[in-house]
Amino acid sequence: MLSARRLVLARMKKKLIIDLDTGVDDAQAIMVALAAPNVEVLGITCCFGNTPMENVLKNTLRVLKVCNRLDETTARRHSLRIWNKCN
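Scoring rules and cut-offs
Residues numbered from 1 in each chain as written. Predicted model: local features only at pLDDT ≥ 70, side-chain atom pairs only at ≥ 80, totals over all residues. Heavy atoms only, no water. Helix = DSSP H or I, 4+ residues; strand = E, 2+ residues; numbered from the N terminus. Buried < 20%, exposed > 50% of the residue type's maximum accessible area, 1.4 Å probe, protein only. Contact = heavy atoms within 4.5 Å. Areas by Shrake-Rupley, 256 points an atom, 1.4 Å probe, with all protein chains shown as cover. Salt bridge = Lys/Arg side-chain N within 4 Å of Asp/Glu carboxyl O. Axes fitted to C-alpha atoms, helices over the stretch in contact; angles between N-to-C directions. Left-handed = near helix turned anticlockwise from the far one by under 90°. Nonpolar A, V, L, I, M, F, W, Y, C, P; charged D, E, K, R; others polar. Core = buried A, V, L, I, M, F, W, Y, C linked by side-chain atoms within 4.5 Å.

**Section: the overall build of the chain**
- What the chain contains, in helices and strands, is 4 helices and 3 strands.
- Secondary structure of the chain in N-to-C order comes out as α-β-α-β-α-β-α.
- The buried share among the 87 residues of the chain stands at 29%.
- Partitioning the intrachain contacts of the chain with sequence separation of at least 6 by distance along the chain shows that 69% fall at a separation of at least 24.
- Accessible area for the chain stands at about 6600 Å²; split by element, carbon and sulfur atoms hold 58% of it.

**Some thoughts on the pattern of salt bridges**
- Taken as a whole and judged by the stated rule, the model has 1 salt bridge.
- Across the pair E40 and K15 runs a salt bridge whose closest N-O atoms are separated by 3.0 Å. One end of the pair, E40, is in strand β2 (residues 39–46); the other, K15, is in strand β1 (residues 14–20), and 25 residues separate them in sequence.
- By relative accessible area, K15 is classed as exposed at 55%.

**Some points on the environment of D21**
- The topology assignment puts D21 in the loop between β1 and α2 (24–35).
- Taking the C-alpha atoms as reference points, D21 and T60, 39 residues apart in sequence, are found 8.4 Å from one another.
- Those residues in contact with D21 that lie beyond four places of it in its chain are D26, C47, F48, G49, N50, T51 and V56.

**Overview of the packing of α2 against helix α3 (residues 53–66)**
- Across the interface, α2 lies against α3 with an axial gap of 10 Å and an inter-helix angle of 35°. By crossing handedness, the relation of α2 to α3 is classed as right-handed. In contact with A27, I30, M31 and L34 of α2, α3 contributes T60, V63 and L64.
- Considered class by class, the residues forming the contact of α2 with α3 number 6 nonpolar, 1 polar and no charged.

**Quick word on the nonpolar core**
- Grouped together as the largest cluster of nonpolar side chains are 12 residues: I18, L20, A27, I30, A33, L34, A36, V39, V41, I44, V63 and L64.
- Looking at this core, the elements that each hand over two or more residues are β1, α2, β2 and α3.
- The greatest single-element share of this core, amounting to 4 residues, is contributed by α2.
- For V39, the residues in contact, after removing those within four places along its chain, are K13, K14, L16 and A33.

See the structure below:
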């Protein structure tokens with residue numbers, strides 16, 4: 001039997017901000033996170049990786065459309081600017 005604290009924690013949703021360069025593996029990760037009942041996706045940030053930024057944005061929006069979740073906050077991340085501010 002679960003203790004009261006564990007029961008409360010089990011009911012709480014994990015809050016996620018997903019950062020990715022949406023390829024096949026990232027598309028699957030988005031779908032799993034959106035479908036998980038114990039996860040709340042707060043937003044999705046996109047960065048370039050194996051494909052140019054424009055493709056990443058298109059891929060991310062396609063996945064969200066398929067999942068009927070175009071309401072998700074999606075942002076283009078400027079990793080170089082963030083990195084430079086940290087150093």
